[in-house]
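# A look at the structure
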Amino acid sequence: MRTSDNRKTGLLLTPLLVLLLLPSVASALPIAAWDFNDGTANDVSGVGPDYDLATVGTGVDLSSGYAQFDGDEGNPSYLEVVGAGGMPTWTVSLWVRSDGSIDQGNFQGIFSNNNSATAAFSWQIESFGGVYQWRNQAGTFAIGAPTGLGVWDHIVVRKFGGNDGDIWLNGVQVVSSVGANPGGLQMFRLGTNRNTDSFFEGGLDNVWVFDSLEDPITLFTTTMVPEPANALLLGLGLVALGLHRRRPGIAR
């Protein structure tokens, strides 16, 4: 390869690496977002009002750049704040990983919109028998099994048309229609179910909430949790740049 071609390769790789490292947003701004990067559960969306999450209990660890829940049923621990209320369209996007055990039992709440299972239009994302599910009063829908213990997965639940919704796992639609009004965003509750009696053991990161219909594939790629796969891409790019610098140039 000629020196000029090597230079072009480096120029092409550099913006690619920048894009991999810089956070990106979907087509609309989230009305609430929590990335936990500063060791708090504050809303980082920049769109008012702020939905800073309150910590309940002592079993939530925010020190590693994500929210880690211990799932201890004897020590109820979770995050919550009063939400935005009912709306005809919304998107909830989150990254989740199961720790301790894939099968943690039943109704282990990951994200819930209410503190009562009997409240009208209440719903929750949960770990149930080793499978991620979405549940409301109209029924229960399987999202899929965790990719692995300690492995991050991406879940998107959307409401559209005022009376229907769909569900996505890792950029793939797994439920095309829930066939009923999914409900609203009365509360934002992380790590607990609606009845506040079953608690998830694992991590949550880059939890984004929109009052609009967002593309789940775009969210999957732009809100990705920094993990070894991203580090590998970065490493390959740096190796390529290193090879470019070491190759002797050809005299013109």
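Residues numbered from 1 in each chain as written. Predicted model: local features only at pLDDT ≥ 70, side-chain atom pairs only at ≥ 80, totals over all residues. Heavy atoms only, no water.

### Remarks on the overall build of the protein
Defined as follows: By the criteria applied, helices consist of DSSP H or I runs no shorter than four residues and strands consist of E runs no shorter than two, each listed in order from the N terminus. Think of it in three bands: residues with accessible area under 20% of the maximum for their type are buried, residues over 50% are exposed, and the middle band is partly exposed, with areas taken using a 1.4 Å probe on protein chains only. Should any heavy atoms of two residues lie within 4.5 Å, those residues are considered in contact. Calculation of accessible area relied on Shrake-Rupley with a 1.4 Å probe; when residues are assessed, cover is drawn exclusively from the protein chains displayed.
Looking only at helices and strands, the protein features three helices and 15 strands. Taking all 252 residues of the protein together, 48% fall into the buried category. Excluding contacts between residues fewer than 6 apart, the proportion of contacts in the protein whose partners are at least 24 apart in sequence is 64%. Of the accessible surface of the protein, which amounts to about 11400 Å², a share of 58% is contributed by carbon and sulfur atoms.

### Focus: the side chain of Q104
Where we set the bar: Polar contact is defined as a pair of N or O atoms within 3.5 Å, subject to the rule that within protein one atom must be able to donate a hydrogen and the other to accept it, and that residues adjacent in sequence are counted only when both atoms are side-chain atoms.
Relative to the elements of secondary structure, Q104 occurs in the loop between β6 (90–98) and β7 (108–112). Q104 sits in the buried class, given a relative accessible area of 18%. A polar contact of 3.4 Å, which involves the side chain of Q104, links it to the backbone oxygen of D99. Polar side-chain contacts of Q104 include one of 2.7 Å to the backbone oxygen of E201. Those residues in contact with Q104 that sit more than four places away from it in its chain are S98, D99, F199, F200 and E201.

### As for the pattern of salt bridges
Short version of the rule: Basic side-chain nitrogens of Lys or Arg form a salt bridge, by our definition, when they fall within 4 Å of a carboxyl oxygen of Asp or Glu.
Applying the stated criterion across every chain, the model contains four salt bridges. A salt bridge links R189 to E80; its shortest N-O distance comes to 2.9 Å. With R189 in strand β14 (residues 185–190) and E80 in strand β5 (residues 78–85), the pair connects residues that are 109 residues apart, well separated along the chain. Note that E126 is salt-bridged to R135, the shortest N-O span being 2.8 Å. We classify E126 as buried; its relative accessible area is 0%.

### What to know about the packing of aromatic side chains
The test is simple: Think of it this way: a Phe, Tyr or Trp ring, Trp meaning its six-membered ring, pairs with another when their centres are within 6.5 Å, and the plane angle makes it stacked under 30 degrees, edge-to-face over 60, tilted otherwise.
Evaluated as defined, the whole model comprises twelve aromatic pairs. Pairing Y66 with W152 gives two aromatic rings, centres 5.4 Å apart and planes at 85°, and the pair type is edge-to-face. Residue Y66 is located in the loop between β3 (60–61) and β4 (67–70), and its partner W152 is located in the loop between β10 (139–144) and β11 (153–160); the two are separated by 86 residues in the primary sequence. The same class applies to Y66 as to W152, namely buried. For the ring pair W90 and W123, a centre distance of 5.1 Å and an interplane angle of 15° mean the geometry is stacked. Of this pair, W90 sits in strand β6 while W123 sits in strand β8 (residues 123–128), and the two are 33 residues apart along the sequence.

### Regarding the sheet that holds strand β9 (residues 131–136)
Heads up, the condition is: One requirement defines pairing of two strands: DSSP has to find at least two bridges between them. Axis definition: a line fitted to C-alpha atoms, over the contacting stretch in the case of helices. Angles run 0 to 180 degrees between N-to-C directions.
The sheet built from seven strands is open, its strands ordered β2-β5-β14-β7-β8-β9-β10 with antiparallel pairing. Of all the strands in the sheet, just β2 (54–56) and β10 have a single pairing partner and so form its edges. Looking at each pair of strands side by side, their axes are set apart by 30° on average, direction ignored.

### Re the environment of M187
Along the polypeptide, M187 turns up in strand β14. Residue M187 is classed as buried on the basis of its relative accessible area, which comes to 14%. M187 sits 76 residues away from F111 along the chain, and the two C-alpha atoms are 9.6 Å apart.

### Some details on the nonpolar core
We apply this condition: Only buried residues count toward a nonpolar core. Its members are Ala, Val, Leu, Ile, Met, Phe, Trp, Tyr and Cys residues joined through side-chain atoms within 4.5 Å.
Ranked by size, the top nonpolar core spans 39 residues in total, and within it L79, L94, F111, I125 and F188 carry the most contacts. At four residues, the largest contribution of residues to this core is made by β6. One finds W168, W208, F210 and L219 within the second-largest nonpolar core, a separate group that totals six residues.

### Remarks on the confidence of the model for the protein
Put simply, the rule reads: The predictor's confidence in any single residue is recorded as pLDDT, a number from 0 to 100.
Model confidence for the protein is summarised by a mean pLDDT of 84, while 79% of its residues fall at 70 or above. Ignoring residues within four places in sequence, the model shows residues 1–26, a span with pLDDT below 50, making 30 contacts including any to other chains. Every residue in residues 228–241 is under pLDDT 50, and counting partners more than four places away or in other chains gives 13 contacts.

### A short note on the pairing of β9
With five of its six residues buried, β9 lies for the most part within the structure. The pairing of β8 with β9 spans six bridges and is classified as antiparallel. By the bridge assignment for β9, S127 is matched with Y132. As consecutive antiparallel partners, β8 and β9 are separated by two residues, and within that stretch G129 has a phi angle of approximately 60°, a positive value.

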